Amino acid sequence: MQTIDLEDFLKLGLRVGTIIQAELFENARKPAYKIWIDLGHELGVKKSSAQVTDLYLPADLIGRQVLCVCNFKPRQIADFMSEVLVTGFTSIEGGIVLASVERLVPNGSKLH
């Protein structure tokens with residue numbers, strides 16, 4: 001694994017947000033959801049495509065706080081513009097488990 005300096009880490013815009021809407025992304029090549037995340041007053045609501053269909057239903061996602069990378073360039077995925085990257089870990093079974101917080105924190109909070 002390549003090492004980085006603290007300055008490199010600080011360049012990442014890692015923020016927490018609350019999922020407010022989720023729906024099946026029918027035009028995606030791999031099973032995915034379109035999700036909308038409230039990232040607080042400064043960043044507002046951002047969209048993302050998330051391949052988390054193995055472990056979550058859209059209704060399971062609403063109200064869940066997730067960790068997002070907010071300063072990647074937006075990426076066109078089929079007919080949808082993904083504005084942030086929702087982070088997660090691969091489970092033992094192979095599905096993606098969303099990275100979250102232990103307790104509720106204000107939307108838009110930065111990871112330290």
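Residues numbered from 1 in each chain as written. Predicted model: local features only at pLDDT ≥ 70, side-chain atom pairs only at ≥ 80, totals over all residues. Heavy atoms only, no water.

**Concerning the overall build of the protein**
We apply this condition: The numbering of helices and of strands both runs from the N terminus, where a helix is a DSSP run of H or I of at least 4 residues and a strand a run of E of at least 2. For this measure, only C-alpha atoms enter the radius of gyration; the expected value for a globule follows 2.2 Å times N^0.38, where N is the number of residues. Accessible area is worked out with a 1.4 Å probe on protein chains only. A residue is then buried under 20% of its type maximum, exposed over 50%, and partly exposed in between. Contacts: residue pairs with any heavy atoms within 4.5 Å of one another. Per-residue and other accessible areas follow the Shrake-Rupley method at a 1.4 Å probe size, with only the shown protein chains counted as cover for residues.
The helix and strand tally for the protein stands at three helices and nine strands. Counting helices and strands in the order they occur from the N terminus, the protein gives α-β-β-α-β-α-β-β-β-β-β-β. Over its C-alpha atoms the protein spans a radius of gyration of 14 Å, differing by no more than 12% from the 13 Å that the globule rule assigns to 112 residues. Overall, the protein is about 40 × 35 × 30 Å in size when its C-alpha atoms are taken along their principal axes. Among the 112 residues that make up the protein, the fraction classed as buried is 36%. Counting contacts in the protein only where the partners sit at least 6 residues apart, residues at least 24 apart contribute 58% of the total. When the accessible surface of the protein is split by element, carbon and sulfur atoms take 54% of a total near 7,600 Å².

**A closer look at the nonpolar core**
In plain terms, the rule: Within this scheme, the nonpolar core is defined by two criteria: the residues are buried Ala, Val, Leu, Ile, Met, Phe, Trp, Tyr or Cys, and they are joined through side-chain atoms within 4.5 Å.
Judged by nonpolar contacts, the single largest core of 16 residues is most densely connected at I35, I37, L61 and C68. Elements with a minimum of two residues in this core: β1 (14–24), β2 (33–38) and β4 (65–69). By residue number, the principal contributor to this core is β2, which donates three residues. Once residues lying within four places of it in the same chain are set aside, the contact partners of I37 are G17, T18, I19, G44, V45, K46, S48, V66, C68, V84 and V86.

**Description of the pattern of salt bridges**
Heads up, the rule is: For this document, the term salt bridge refers to a Lys or Arg side-chain nitrogen within 4 Å of an Asp or Glu carboxyl oxygen.
Counted by the stated rule, this structure contains three salt bridges. The partner of R15 in a salt bridge is E42, and the shortest N-O contact between them spans 3.6 Å. Of the two residues, R15 is situated in strand β1 and E42 in helix α2 (residues 40–43); the sequence distance between them amounts to 27 residues. Take E42: its relative accessible area is 62%, and that puts it in the exposed class. With its nearest N and O atoms 3.9 Å apart, the salt bridge here joins R103 to E102.

**A look at the UniProt feature "domain: TRNA-binding" (unreviewed entry) in the protein**
Threshold: UniProt positions are given in the numbering used here, feature names are shortened, and annotations may be inferred rather than shown by experiment.
Within the UniProt annotation, "domain: TRNA-binding" (unreviewed entry) is assigned to residues 8–112. Annotated as residues 8–112, this span is 11% helix and 40% strand, and its ends, taken at the C-alpha atoms, are 13 Å apart.

**Brief notes about the sheet that holds strand β3 (residues 45–50)**
Where we set the bar: By this definition, two strands are paired if DSSP reports at least two bridges between them.
Judged by pairing direction, the sheet is antiparallel, and its five strands sit side by side in the order β3-β2-β1-β4-β7 without closing on themselves. A single partner strand is all that each edge strand has here, and the edge strands are β3 and β7 (85–86). Where β1 lies against β4, five bridges are found, and the strand directions are antiparallel. Looking across to β4, one finds that G17 is bridged to V66.

**A closer look at the packing of aromatic side chains**
The criterion, for reference: Here is the rule: rings of Phe, Tyr and Trp (six-membered ring for Trp) pair when centre to centre is within 6.5 Å. Planes less than 30 degrees apart are stacked, more than 60 are edge-to-face, and the remainder are tilted.
According to the stated counting rule, one finds two aromatic pairs in the structure shown. Arranged with centres 5.8 Å apart and planes meeting at 80°, the rings of W36 and F80 form a pair that is edge-to-face. Residue W36 is found in strand β2, and its partner F80 is found in strand β6 (residues 80–82); the two are separated by 44 residues along the sequence. Pair check on accessibility: W36 and F80 agree, each one buried.

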